[in-house]
Amino acid sequence: MDTFLQLTASGIALGSVYAMVALGFVLVFKSTDVLNFAHGEFLMLGSFLALTFLVEWNLNIVFAIVAIAFIVAALGVALHYGIMKPLVGQPLFSVVLVTIGIAIVIRAFLLMTYGPLERGRILALPQGQLDIGNLVIPYVDIILFLVSSAAVVIFYIFFKSTTIGLQMRAVAENLEAAAAMGVSPNKVFAVSWGIGALMAGVAGVMYGNFTAVIDLNLAAIGLRAFPAAMIGGLDSVEGAILGGLIVGVSEQLAAGYFGGDFRDVVAFGLMFVVLMVRPYGFFGTKDLIRV
Amino acid sequence: MAVQILNESTEPTPGLLDVNNLEVVYNDSVVALRGVSITVPEGGFVSVLGTNGAGKTTLIRAITSLLFVHKGKIRDGEIELRGKRIAGSDSAKIVKAGICQVPEGRMLFPSLTVEENLRIGSSSRRNRAEINSDIERMFDLFPQIASRRKDVAGWLSGGEQQMVAVGRALMARPALLICDELSLGLAPQIVHTLFELLKQINQDEGTSILLIEQNARMALQYSKYAYILETGRVVLDGPSDVLESNEDVQEFYLGGAGEAAEAYATIKHYKKRKRWLL
């Protein structure tokens, strides 16, 4: 039982990061209809920028998070206007390939800047731990959970109660009707890309404090957003949060009981099972693909 | 008779909205409009009639710059709002300039609440206090939907949804309100209520109205001027009361009390041979 609780606790911490990553992924898909395969690279970019800001320059962590969030969000907006905008309305296939291209470019940029060597994890957060009975929870896990939850809650409020959030939901539902009512789809797309990238970037900073090593394989964490999003429903914000937590917890449990190699198997295996029963995920829309 | 009407309308009168010789193609191949010209005067109430596939909705998409959604393009002609060219500019700018529509099939956002749907209509505006008071005004205008303001729009009945759609368009405070097939699929009583409301908005607030309709009887009754569109061309236009008494219009659009109505077979035969070209 103690092992179970211990694993669940760290799973929730990890899952909250996944939730944040999946949220960004789902948001971009929901409003722009683009599956962003560069999402993991946004996260990796966040981690590497955190290396520079926190390890090399020794900056304050709060300042670093804000600065990195800003940089990555700006990159997302720039990507929309520079690359994605002319592709609006093009077949999904070519658009998705473009995001893979973006992923490769970001990866190459990181390789050239930081070199191929792996780095140790960032130690910018308090390193102690909290003992509750037999349960040991590192401060890092708690902070991870708090920051991710805050990011998710702030986003949720933004999405549900601001004008631009309302416009995002309207565009996601019916682009033509939204445009007919004077909503500028491009502005909404740009904001979605910005927030999506921001979520990944901040998750990258947090994950850099959690993972064992930082290297160019970190983008694979971004791919965890995929099962998380699929389990929750590809077009559901609530689903992304739930899916992230489910994937995080089940991954930690699997790693704890069966060994670390089972992480990926469980995340994607769970996705297969859920999709077999509910092909549109827990909260997804049934007829997702529209013309 | 018809010839006389056409001669009257060839005099160009500058209006709020001027569409000149508009030609629209879809997919670079299908021509949907061929040289369509219509005018909506300041404070006017104009209807465009036509059967399915006549190009009515295409005309609206062109005016509101929404052709891009359907891979359509303006190949020729001009659209002017108060003398300023608007053809091809951003759809959001056109709403801001004063044209807003009630789209065909309502196109509400079904998972947004009634109030949120109305709020989306004000996307081109900034003043929050004014927007909020306008939302209350819409609930005064449509008491039926006031009690359902927090309900998701997809749950409303067809008539209520159409009211939300009209309210949503009015939230933009348009100088020109375009209604595409307002009467489609609605009970006659609700259609009557909505048309009366349009008349009231037109008279009290001076909002110009462009009505796109299949229900020719209602449209001619309420509008002051009408155009008849067929396979992408304006085939007839004139003051609504004149059109209403026109024999051809009566026969083809008003369910015909003409001579040919005697036998169904003769109507069909006559229809086949009849051409509008004059």
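Rules behind the numbers
- Per chain, residues are indexed from 1 in the order of the written sequence.
- Chain A is the first chain written and ligand 1 is the first ligand written, with later ones labelled in order.
- Confidence filtering applies because this is a predicted model: local features only for residues at pLDDT of at least 70, side-chain atom pairs given and counted only at 80 or more, and all residues used for totals across whole chains, interfaces and linings.
- Note that the side-chain values use all heavy atoms of the structure and ignore hydrogens as well as water.
- Note on contacts: a residue pair is in contact if any heavy atoms of the two residues lie within 4.5 Å.
- A simple way to read buried area is as the amount of 1.4 Å-probe accessible surface that goes missing from two parts once joined, with both sides added.
- Salt bridges are counted wherever a side-chain nitrogen of Lys or Arg sits within 4 Å of a carboxyl oxygen of Asp or Glu.
- Polar contacts, as used here, are pairs of N or O atoms within 3.5 Å; protein pairs need one atom able to donate a hydrogen and one able to accept it. Residues neighboring in sequence count only if both atoms are side-chain atoms.
- Comment: elements are numbered from the N terminus, with helices defined as DSSP H or I runs of at least four residues and strands as E runs of at least two.
- Gly is put with the polar residues, along with every residue not named as nonpolar or charged; the nonpolar set is Ala, Val, Leu, Ile, Met, Phe, Trp, Tyr, Cys and Pro, and the charged set is Asp, Glu, Lys and Arg.
- Two strands pair under a simple rule: DSSP has to find at least two bridges between them.
- Between N-to-C directions, angles span 0 to 180 degrees; the directions come from axes that are lines fitted to C-alpha atoms, helices contributing only their stretch in contact.
- The cut-offs work like this: below 35 degrees is roughly parallel, past 145 is roughly antiparallel, 65 to 115 is roughly perpendicular, and the gaps in between are oblique.
- Burial classes: relative accessible area under 20% of the type maximum marks a residue as buried, over 50% as exposed, and values in between as partly exposed (1.4 Å probe, protein chains only).
- In this description, a disulfide is simply a cysteine sulfur pair whose atoms lie within 2.5 Å.
- By this rule, a helix spans an expected 1.5 Å times one less than how many residues it contains.
- A clockwise course of the path from the first strand over the helix to the second, judged with the strands pointing away from the viewer, identifies a crossover as right-handed.

A. The interface of chain B and chain A, seen in detail. Each partner contributes residues to the interface: chain B has 26 residues there, and chain A has 19 residues. A combined buried area of about 1900 Å² lies between chain B and chain A, and 63% of that area is made up of carbon and sulfur atoms. Summed over the three residues of chain B that lose the most area to chain A, namely Met107(B), Phe109(B) and Ile120(B), the buried surface amounts to 25% of that side. At the junction of chain B and chain A, the tally comes to two salt bridges. Our count for the chain B to chain A interface comes out at five residue pairs in polar contact (both at pLDDT 80 or more). Mapped by element, the contributors of at least two residues to the side of chain B that touches chain A are helix H3 (91-97), strand E6 (99-102), helix H4 (114-120) and helix H7 (158-170) of chain B. Residues that form the side of chain B that touches chain A fall into these classes: 12 nonpolar, seven polar and seven charged.

B. Fine view of the sheet that holds strand E7 (residues 176-180) of chain B. Residue and element names in this part refer to chain B. The mixed open sheet is built from six strands, whose spatial order is E6-E7-E8-E3-E9-E10. Two strands bound the open sheet, and with one partner strand each, they are E6 and strand E10 (233-239). The average undirected angle you get between the axes of adjacent strands in this sheet is 20°. Of the strand pairs in this sheet, E6 and E7 are connected by four bridges, and their pairing is parallel. Of the residues in E7, the one forming a bridge with isoleucine 99 is leucine 176. The sheet strands contacting H7 are E6 and E7, and the helix crosses E6 at an angle near 175°.

C. Representation of the packing of helix H5 (residues 139-161) of chain A against helix H10 (residues 237-258) of chain A. Residue and element names in this part refer to chain A. Axis separation between H5 and H10 bottoms out at 11 Å; the angle between their running directions is 170°. Taken as axis vectors, H5 and H10 run roughly antiparallel relative to one another. Note on element contacts: H10 touches H5 through Val237, Glu238 and Ile241, opposite Val152, Phe155, Tyr156, Phe159 and Lys160. Taken together, the residues that form the contact of H5 with H10 break down as six nonpolar, no polar and two charged.

D. Representation of the pattern of salt bridges. Applying the stated criterion across every chain yields a total of 22 salt bridges over all chains. The salt bridge partner of Arg169(A) is Glu116(B), with a shortest N-O separation of 3.1 Å. Taken as a pair, Arg169(A) in helix H6 (residues 163-173) and Glu116(B) in helix H4 lie in two separate chains rather than in one. This pair shows no difference in class: Arg169(A) is buried, exactly as Glu116(B) is. Across the salt bridge formed by Arg75(B) and Glu23(B), the nearest N and O atoms sit 3.0 Å from each other. Remark: Glu23(B) occurs in strand E1 (residues 17-26) and Arg75(B) occurs in strand E4 (residues 72-81); sequence separation between them is 52 residues.

E. Examining the environment of Ile102(A) more closely. All names here are of chain A. Turning to its location among the elements, isoleucine 102 is positioned in helix H4 (residues 92-114). Between the C-alpha atom of isoleucine 102 and that of histidine 39, which follows or precedes it by 63 residues, the distance is 9.6 Å. Excluding residues that lie within four positions of it along the chain, isoleucine 102 makes contacts with Ala38, Leu79, Ile83 and Met84.

F. Representation of the state of the cysteines in the model. Within the structure shown, the criterion is met by zero disulfides over all chains. As a non-bridged cysteine, Cys100(B) has Cys179(B) as the owner of its nearest cysteine sulfur, 9.9 Å distant.

G. Quick peek at unusual backbone geometry. All names here are of chain B. Even without being glycine, asparagine 21 reaches a positive phi, approximately 50°. The phi torsion at asparagine 27 lies on the positive side, around 55°, for a residue other than glycine. You can see asparagine 27 is positioned in the loop between E1 and strand E2 (30-40).

H. Representation of H10(A) within the structure. In this model, H10(A) (22 residues) spans 31 Å end to end at C-alpha, consistent with the 32 Å of a helix rising 1.5 Å per residue. Gly259(A) occupies a position one or two residues after H10(A) and carries a positive phi of about 110°.

I. Highlighting the pairing of strand E8 (residues 208-213) of chain B. All names here are of chain B. When you tally the buried positions in E8, you get six out of six residues, the bulk of the element. Going residue by residue along E8, you find Ser208, Leu210 and Ile212 tucked away on one face and Ile209, Leu211 and Glu213 tucked away on the opposite face as well. Relative to E8, strand E3 (residues 45-49) is paired through five bridges, and the arrangement is parallel. Residue phenylalanine 45 lies in a different strand from E8, and its bridge partner there is isoleucine 209. Inspection of the sheet shows E7 paired to E8 by five bridges, in the parallel sense. Paired with cysteine 179 across the strands is leucine 211, a residue of E8. Crossover connection from E7 via helix H8 (residues 188-205) to parallel E8: handedness right-handed.

Taken by themselves, the reported measurements are silent on function.
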